[in-house]
Amino acid sequence: MAKFLAELLGCALPGKGASPALESKNCSRVGLKSSTKQKTTIFSSLGSEKSLSDCKKDQPWKNSAYSAITPVCFPSPLIDKPIGKESMPQTPPFSAMFDSSGYNRNLYQSAEDNCGGLYYHDNNLLSGSLEALIQHLVPNVDYYPDRTYIFTFLLSSRLFMHPYELMGKVCHLCMEHQRLSDPDGDKNQMRKIAPKILQLLTEWTETFPYDFRDERMMRNLKDLAHRIASGEETYRKNVQQMMQCLIRKLAALSQYEEVLAKISSTSADRLTVLKTKPQSIQRDIITVCSDPYTMAQQLTHVELERLNYIGPEEFVQAFVQKDPLDNDKSCYSERKKTRNLEAYVEWFNRLSYLVATEICMPVKKKHRARMIEYFIDVARECFNIGNFNSLMAIISGMNMSPVSRLKKTWAKVKTAKFDILEHQMDPSSNFYNYRTALRGAAQRSLTAHSSREKIVIPFFSLLIKDIYFLNEGCANRLPNGHVNFEKFWELAKQVSEFMTWKQVECPFERDRKILQYLLTVPVFSEDALYLASYESEGPENHVEKDRWKSLRSSLLGRV
């Protein structure tokens, strides 16, 4: 994970060159770029080399592009109806929870304030001791935590303790303080508190289901749920409903992981196929799908499916470090329960290499030019749909050195549309043009009259980097040892916005043939791309000639 994160953030590590998700290469293209062949990280404008103090000053997540991004909307709770005689506390919808400052200003004053350890300023919860924040999470007869607080604390608490440890503390507080462990306790009080505890568990299992891959989490959940269900028949039904929903989510994740493993195992080295069975790879992407709009739709299918499986906690787990007040090991020194975030970045890289492979493969110059124009049209359709991740992957693939060096090919391409797309994704000024377009897509999504207008797929690597700088730019704890909760409001605001986008169902009809091609067709390695590029348009200098000879000897010699 450390190496993955360092590469993603543009840090220099020993090893092979960065993948397309991590860099762009400003190599020459006739009439478009200068002849200087300079490798630059895609995120150089974000200042990945800056010190922590610089990050604190710059605070890139608070620039104008974010200030107007609208808040989020989570699905409604699983338990929609009142349970028993007491109705659930009414909390505002998620669309109203995060204002421009990152949180709702008037939701957090309650009887729990008197327990001590929580610090407010102008009715805003800014910090607190970890124990006080945990107590603030647990409902009682007269209090239920706001959904914004629940999401924010469940998201950020894993920086300080394992989820199973938090669940253990919640269970202890529920059973001891609310007397759930006493079978002869006040049944009237039980009717008041049980629905609230069940609602808290439901929100936890719905929003962070992957936490419950841990057997310790599941044991605590079942134990507390059993105590609740032992009350009335209504509770038993709702506990059963909650557990069934959780099991379905975990089963779907396992099935998804199996599919990813199968896709990975069936991909072969295309160069081997090219040498042994030439006819088998004559089919290119245009023969599979000649319509750029349809191809953009199928790319959107892949994007939304993979986004859907990324849990909000994965953003925090990617950046977790040792808590300075904890003498024990880091909270996530144990094996991660999921790697959906990494799998999504790998998809970006695959798409970039697929684009470059399809362009470098054709023998004839006019066919390569047609392929470039095809991907320009696909990228434009992705932009119109709101699929910025596929758009950037295509641009990244077309800017890889083996493609950009094909000057004779590019001379036959009408590049005006591509220039516009590159301008939209220009990394200068902290990706200002892209952020403006993203803000427009987000606004369109909020006022959408059709499911197609709801689609917002952000350039994912930049989203991760924004969250990384937010996490690194402010301390998790204040000098007095309190948890810096003001920071975690901002973190939750960004992650919850992403959660809204990933829940959109793709409105386009699936084409299995196209999807199969996108996910399983073998692609060239970087060396194979250079070899194909040199075979298409010969080396221009001694350095390229030497590399060409070396590649022919090493790649073709072992086939």
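Further up the page is the structure itself.
Note that the structure is predicted; figures quoted are calculated from it, not measured. (Residues numbered from 1 in each chain as written. Predicted model: local features only at pLDDT ≥ 70, side-chain atom pairs only at ≥ 80, totals over all residues. Heavy atoms only, no water.)

Colleague: Before we go on, may I ask you to explain the pattern of salt bridges in this structure?
Modeller: Between side chains of opposite charge, pairing is possible as soon as their charged atoms come close. For the coordinates displayed, the defined rule picks out 16 salt bridges. Note that Glu 346 is salt-bridged to Arg 339, the shortest N-O span being 2.7 Å. When salt bridges that share partners are traced, they join Asp 377, Arg 380 and Lys 417 into one network. (Salt bridge = Lys/Arg side-chain N within 4 Å of Asp/Glu carboxyl O.)

Colleague: Is there a simple way to explain the nonpolar core in this structure?
Modeller: Within soluble globular proteins, side chains that are nonpolar tend to cluster in buried spots. Of all hydrophobic cores here, the largest spans 152 residues; its most connected members are Phe 315, Met 398 and Phe 460. Considering every element that reaches this core, the biggest residue donor is helix α14 (residues 340-360), with 13 residues. (Core = buried A, V, L, I, M, F, W, Y, C linked by side-chain atoms within 4.5 Å. Buried < 20%, exposed > 50% of the residue type's maximum accessible area, 1.4 Å probe, protein only. Helix = DSSP H or I, 4+ residues; strand = E, 2+ residues; numbered from the N terminus.)

Colleague: Which parts of the structure should I look at to understand the layout of surface pockets?
Modeller: Which parts of space are left empty comes out when a probe the size of a water molecule is rolled across the atoms. Within this model, the largest pocket holds a volume of roughly 1,300 Å³. In terms of lining, the largest pocket is formed by 42 residues, of which the most central are Ala 252, Tyr 256, Glu 305, Asn 308 and Tyr 309. Per-element accounting of the lining of the largest pocket gives the leading share, twelve residues, to helix α9 (residues 233-266). Classifying every residue of the lining of the largest pocket gives 21 nonpolar, nine polar and twelve charged. (1 Å grid on protein atoms, 1.4 Å probe; cavity = no way out; pocket = protein on both sides within 12 Å on 5 of 7 lines; lining within 4 Å. Points joined across faces, edges and corners; volume = space filled by probe spheres on them. Nonpolar A, V, L, I, M, F, W, Y, C, P; charged D, E, K, R; others polar.)

Colleague: Sorry if this is basic, but what is going on with helix α22 (residues 485-502) here?
Modeller: Residues that lie three or four places apart on an α-helix share one face, since the helix turns once every 3.6 residues. Across its 18 residues, α22 extends 25 Å between first and last C-alpha, which sits within 8% of the 26 Å expected from 1.5 Å per residue. Burial runs high along α22: 16 of the 18 residues are buried. (Expected span 1.5 Å × (residues − 1).)

Colleague: I'm lost on the packing of aromatic side chains in this one. Help?
Modeller: Geometry of an aromatic ring pair is reported as the spacing of the ring centres plus the angle between the planes. Counting across every chain of the model gives 23 aromatic pairs. Note on Phe 431 and Phe 459: the rings are 5.9 Å apart at their centroids and 55 degrees apart in plane angle, and the pair reads as tilted. Taken together, the residues span a long stretch of sequence, with Phe 431 in helix α20 (residues 428-446) and Phe 459 in the loop between α20 and α21 (460-473) at a distance of 28 residues. Overall, the relative accessible area of 0% leaves Phe 431 in the buried class. Lying across the ring of Tyr 530, Arg 547 places its NZ or CZ 3.6 Å from the centre. (Phe/Tyr/Trp six-rings, centres within 6.5 Å; stacked < 30°, edge-to-face > 60°. Lys NZ or Arg CZ within 6 Å of the ring centre and 35° of its normal.)

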